[in-house]
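Each chain, written out:
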Amino acid sequence: MQVAILGAGTMGHGIAQVSAMGGHDVRLRDLETEIVEAGLDAIESNLDGGVERDKLTPSEAESARSRITGTISLPEAVTGADLVVEAVPEELPIKHDTVTDVEEHVDPDCLIASNTSSLSLTQIANALDRPERAIGLHFFNPVHIMDLVEVVVAEQTTEETIDTATDFVEGIQKTPVTVADSPGFASSRLGVALGVEAMRMVGEGVADPRNIDTAMELGYNHPMGPIELGDVVGLDVRLDILEYLREELGERFRPPQVLKRKVRAGKLGKKTGEGFYVWDDGEVVGVSGSGGGRDGAQ
């Protein structure tokens, strides 16, 4: 297939990588050349890491690289595509504008997928003249490592679209889970519920982030605790999802004040170097102090 990925950030470049590793030709698009190049560099680093860990052969890595091109042109990215996956910011107007622009340049049978983790796919599909081709493909971070993909079905989605999307997911060696379009789907709703309660526990002084995460990692066999996961995803993203779920599902998803304070201070987690943890070169090096500053790291 010819696959276009819109958005070269954390999720977008990861989806581009696994699509290319699955044998598809990929065009990765973002608004600025620097962002596209950063995405391509991240893919290069991931592939090199896979070779070093004997997950990939050098020839497999090179073959995947050769299938990916970058561009800042939307028509160049999507024209002739069989599948377009948008991985743009989690704001409904941006996603509406994106899929509307895409539909002007693609063939009638091209699938248009969203990587949204919580927004209504049915609402996104409403922006299309042919909403029956809309599908959700919710990948998980880091994309090249995580096996799960939620296949989210809008009210307008046809069985043919579902089948094609499921075949694509299986073809890139991921496990599809089909869910109905509902606020937060399955994974985000459950994951955010755990994460928000963990943040409330930090705010109430029940335990510090490291002990809460260790309890979930060792007691429930989670590969990463809920506080660290929030830092990895981005606390601003967590806050946006909680605000949306609160509006749709009620006060049990009310964002805790400790999260709001972090976001207001620009402490968004791994991507800014500090959230509930302090990060250096992508690794946790301490716990943020009670005031949210580096001086309190321990």
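Residues numbered from 1 in each chain as written. Predicted model: local features only at pLDDT ≥ 70, side-chain atom pairs only at ≥ 80, totals over all residues. Heavy atoms only, no water.

Quick look at the environment of G70
And then number 1: You can see G70 is positioned in strand β3 (residues 68-71).
And then number 2: By relative accessible area, which is 34% here, G70 ends up partly exposed.
And then number 3: Along the primary structure G70 and S117 are separated by 47 residues, whereas in three dimensions their C-alpha atoms are 24 Å apart.
And then number 4: Apart from the residues within four sequence positions on either side, G70 is in contact with L28, V36 and L40. (Helix = DSSP H or I, 4+ residues; strand = E, 2+ residues; numbered from the N terminus. Buried < 20%, exposed > 50% of the residue type's maximum accessible area, 1.4 Å probe, protein only. Contact = heavy atoms within 4.5 Å.)

Examining unusual backbone geometry
And then number 1: A cis geometry characterises the amide bond from N141 onward to P142, with omega recorded as -5 degrees.
And then number 2: Tracing the backbone through its elements, the reader meets P142 in the loop between β6 (134-139) and β7 (148-153).
And then number 3: The backbone of F185 shows a phi angle near 55 degrees, a positive value even though the residue is not glycine.
And then number 4: Take F185: its relative accessible area is 4%, and that puts it in the buried class.
And then number 5: Phi angles above zero are rare outside glycine, and D281 is one such case at about 55 degrees.
And then number 6: With respect to the helices, strands and loops of the structure, D281 is situated in the loop between β9 (277-280) and β10 (283-287).

Brief notes about helix α2 (residues 33-52)
And then number 1: In a regular helix each residue adds 1.5 Å, so 20 residues correspond to 28 Å; α2 covers 29 Å between its end C-alpha atoms and thus fits that length.
And then number 2: If you check which residues of α2 are buried, you get V36, G39, I43, N46, L47, G49 and G50. Summarising the axial view, the buried residues of α2 lie within an arc of 160 degrees, below the 170-degree limit, and thus occupy one face. Opposite the buried face of α2, at more than 90 degrees from it, the exposed residues are E34, D41 and E52.
And then number 3: D54 lies just past α2 and shows a positive phi near 60 degrees. (Expected span 1.5 Å × (residues − 1). Arc of directions from axis to C-beta.)

Section: the nonpolar core
And then number 1: Residues I5, L83, L137, F139 and F168 are the most contacted members of the largest nonpolar core, which totals 31 residues.
And then number 2: For L137, the contacting residues outside a window of four places in its chain are L83, V85, A113, S114, N115, V149, E150, V151, A165, F168 and V169. (Core = buried A, V, L, I, M, F, W, Y, C linked by side-chain atoms within 4.5 Å.)

Regarding the packing of aromatic side chains
And then number 1: Considering all chains together, one arrives at zero aromatic pairs under this definition.
And then number 2: Taking NZ or CZ as reference, K262 lies 5.3 Å from the ring centre of F276, over its face. (Phe/Tyr/Trp six-rings, centres within 6.5 Å; stacked < 30°, edge-to-face > 60°. Lys NZ or Arg CZ within 6 Å of the ring centre and 35° of its normal.)

Points about the pairing of strand β4 (residues 83-86)
And then number 1: Because side chains alternate across β4, one face comprises the buried residues L83 and V85, and the other comprises V84 and E86, equally buried.
And then number 2: Bridging between β4 and strand β5 (residues 111-114) involves four bridges; their strand directions are parallel. Counterpart to V84 in the pairing with β5 is I112. (Pairing = 2+ DSSP bridges.)

Here we look at the confidence of the model for the chain
Detailed reading of the predicted model is not advised wherever pLDDT is low.
And then number 1: Of the residues in the chain, 97% have a pLDDT of 70 or more, and the chain-wide mean is 93.
And then number 2: Every residue in residues 290-298 is under pLDDT 50, and counting partners more than four places away or in other chains gives 20 contacts. (pLDDT = per-residue confidence, 0-100.)

Observations regarding the sheet that holds β7
In sheet architecture, strand pairing relies on hydrogen bonds along the backbone and comes in two forms, parallel and antiparallel.
And then number 1: In spatial order, the strands read β3-β2-β1-β4-β5-β6-β7-β8; together these eight strands make up an open sheet with mixed pairing. Among the strands making up the open sheet, the edge pair consists of β3 and β8 (175-180). Neighbour to neighbour, the strand axes of the sheet diverge by 25 degrees on average, direction disregarded.
And then number 2: Those strands touched by helix α1 (residues 10-21) are β1 (2-6), β2 (25-29), β3, β4 and β6, and its axis lies near 170 degrees from that of β2. (Axes fitted to C-alpha atoms, helices over the stretch in contact; angles between N-to-C directions.)

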